[in-house]
Amino acid sequence: MKIALDVMGGDRAPDEILIGAKEALTSLEELELLLVGDRGAILQLWPEAESNPRTEIVHCTEVIEMQESPAAAYRRKKDASITIASRLVRDQEAEAVVSAGSTGAQLVAGLFELGRMEGVARPAIATCIPTLRGPRVMLDVGANTDSSTENLRQFSWLGKIYCEIALGIRNPRVYLLSNGTEQEKGNELTVNTYQVLMAEEGLGFCGSIEGRDLFNGEADVIVTDGFAGNVALKTMEGTAEALFTMMKEAFRKSARSKLGAFLLMPALKKVKNSLDYEEIGGAPLLGVRGLSVVCHGSSGAKAICAALIKTAQWIESGLQEKLAANKF
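In what follows, the accompanying structure is described. Keep in mind that what you see is a predicted model, and the values were worked out from it rather than measured.

### Topic: the pairing of strand β2 (residues 32-37)
Then, in step 1: Across the six residues that make up β2, a large majority, five, are buried.
Then, in step 2: Relative to β2, strand β1 (residues 2-6) runs parallel, the two being bridged by five bridges. Residue Asp6 lies in a different strand from β2, and its bridge partner there is Val36.
Then, in step 3: Read as a crossover between parallel neighbours, the route from β1 over helix α1 (residues 15-27) to β2 is right-handed.
Then, in step 4: Relative to strand β3 (residues 55-59), β2 runs parallel, the two being bridged by five bridges. Following the sheet pairing, Gly37 is matched in β3 by His59.
Then, in step 5: Taking the sense of rotation as the criterion, the β-α-β connection linking β2, helix α2 (residues 39-45) and β3 turns out right-handed.

### Points about the sheet that holds strand β9 (residues 221-223)
Then, in step 1: On the basis of which strands lie adjacent, the open sheet formed by eleven strands has the order β3-β2-β1-β4-β11-β10-β5-β6-β9-β7-β8 and mixed pairing. Two strands in the sheet have a free side with no partner beyond their single neighbour: β3 and β8 (205-209). Strand-to-strand twist across the sheet, computed as the mean angle between neighbouring axes with direction ignored, equals 25 degrees.
Then, in step 2: On the sheet, helix α5 (residues 103-114) packs against β4 (96-99), β5 (124-129), β10 (282-286) and β11 (291-295) and is oriented at approximately 175 degrees with respect to β11.
Then, in step 3: Helix-sheet contacts for helix α8 (residues 226-251) involve β5 and β6 (136-139), and the interaxial angle to β6 is about 130 degrees.

### Overview of the layout of surface pockets
Then, in step 1: Of the voids in this model, the largest pocket is the one considered here, and its volume is about 780 Å³.
Then, in step 2: Lining the largest pocket are 42 residues; nearest its centre among them are Thr103, Val141, Asn230, Leu233 and Lys234.
Then, in step 3: For the lining of the largest pocket, the secondary structure elements donating two or more residues are α5, β5, α8, α9 (255-275), α10 (277-280), β10 and β11.
Then, in step 4: In terms of residue count, α8 provides more of the lining of the largest pocket than any other element does, nine residues in total.
Then, in step 5: The residue inventory of the lining of the largest pocket, partitioned by class, reads 22 nonpolar, 15 polar and five charged.

### A word on helix α6 (residues 149-167)
Then, in step 1: For α6, built from 19 residues, the straight-helix expectation of 27 Å at 1.5 Å per residue is met to within 8% by its first-to-last C-alpha distance of 26 Å.
Then, in step 2: Just past α6, the residue Gly168 takes up positive phi, approximately 70 degrees.

### Quick look at empty space enclosed by the protein
Then, in step 1: Going through the model one piece at a time under the given rule, you end up with one cavity of 30 Å³ or more.
Then, in step 2: Space inside the largest cavity adds up to approximately 40 Å³.
Then, in step 3: Surrounding the largest cavity, Asp6, Gly9, Val63, Ile64, Ser81, Ile82, Ser99, Gly101, Ser102 and Ala105 form its lining.
Then, in step 4: Its residues assigned to classes, the lining of the largest cavity comprises four nonpolar, five polar and one charged.

Parameters at a glance
- Residues numbered from 1 in each chain as written.
- Predicted model: local features only at pLDDT ≥ 70, side-chain atom pairs only at ≥ 80, totals over all residues.
- Heavy atoms only, no water.
- Buried < 20%, exposed > 50% of the residue type's maximum accessible area, 1.4 Å probe, protein only.
- Helix = DSSP H or I, 4+ residues; strand = E, 2+ residues; numbered from the N terminus.
- Pairing = 2+ DSSP bridges.
- Right-handed = clockwise from strand over helix to strand, strands pointing away.
- Axes fitted to C-alpha atoms, helices over the stretch in contact; angles between N-to-C directions.
- Contact = heavy atoms within 4.5 Å.
- 1 Å grid on protein atoms, 1.4 Å probe; cavity = no way out; pocket = protein on both sides within 12 Å on 5 of 7 lines; lining within 4 Å.
- Points joined across faces, edges and corners; volume = space filled by probe spheres on them.
- Nonpolar A, V, L, I, M, F, W, Y, C, P; charged D, E, K, R; others polar.
- Expected span 1.5 Å × (residues − 1).

Here's what the structure looks like:
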């Protein structure tokens with residue numbers, strides 16, 4: 001299988017991106033990579049990339065930076081790495097694109113290079129969050145800061161189908177993220193969406209869920225707009241990081257606590273890994289006509305490797321084809 005990797009996108013590009021690419025190639029014998037980026041920069045860090053039979057350098061001269069307006073930069077920078085990488089998927093020269101660059105730029109490239117699936121007005125980023133019952137799906141977590149009721153209706157179906165394919169959960173329970181469980185709670189968008197989802201036959205809509213219940217596993221799919229979803233996701237990341245920092249400080253205070261930390265360390269590492277974006281890797285942009293995987297902007301080699309391995313699994317499972325077979 002062949003994946004287009006945006007080598008220039010991300011806070012730690014291209015160094016960490018290329019290290020992650022090497023690790024993924026070592027882990028997956030069937031993986032081939034199209035390294036999209038500046039040829040000189042790539043060869044300076046990885047001289048063997050040009051002669052490696054499993055890698056091909058696709059030279060481009062531009063990159064869309066995090067602080068740029070995605071739409072304006074897409075129009076101005078015709079040779080941007082995320083644009084070229086997405087185009088490779090469109091032209092069926094690659095089966096997926098993976099990038100840690102600007103999420104907005106990846107969304108714009110997905111819309112204009114890959115195009116929307118039939119019946120989908122806006123794509124959504126779907127991620128898996130850890131819960132007491134195993135991983136569960138939440139979307140949108142950052143593709144759209146402003147969404148309509150119709151967008152959230154489409155996200156609900158995308159999330160349901162993705163949950164069935166990726167997690168193997170039959171008839172998943174779909175919930176709407178709100179500030180209360182009563183159907184009249186929430187802002188105008190949430191209240192209106194609740195009414196619409198209640199009328200969706202076959203969706204499996206079960207009502208609203210509060211932020212404090214995200215980790216109990218009651219909801220198989222949590223639906224929200226990209227603004228609230230991104231805030232919720234980054235709150236989870238920050239809470240986990242702060243919690244483990246506080247625990248480390250507490251463990252250092254006495255010999256007894258150090259012993260306790262030693263005994264608890266395997267279990268604590270397991271919990272930490274389940275909350276670590278470096279372990280999760282990437283999240284698919286659902287609703288475009290091609291597999292586009294979004295990585296955290298701060299992704300290092302570990303996250304890129306995980307994202308490439310996860311993307312290979314999605315290709316193997318036929319995720320994109322199964323999603324496209326549905327009507328939204």
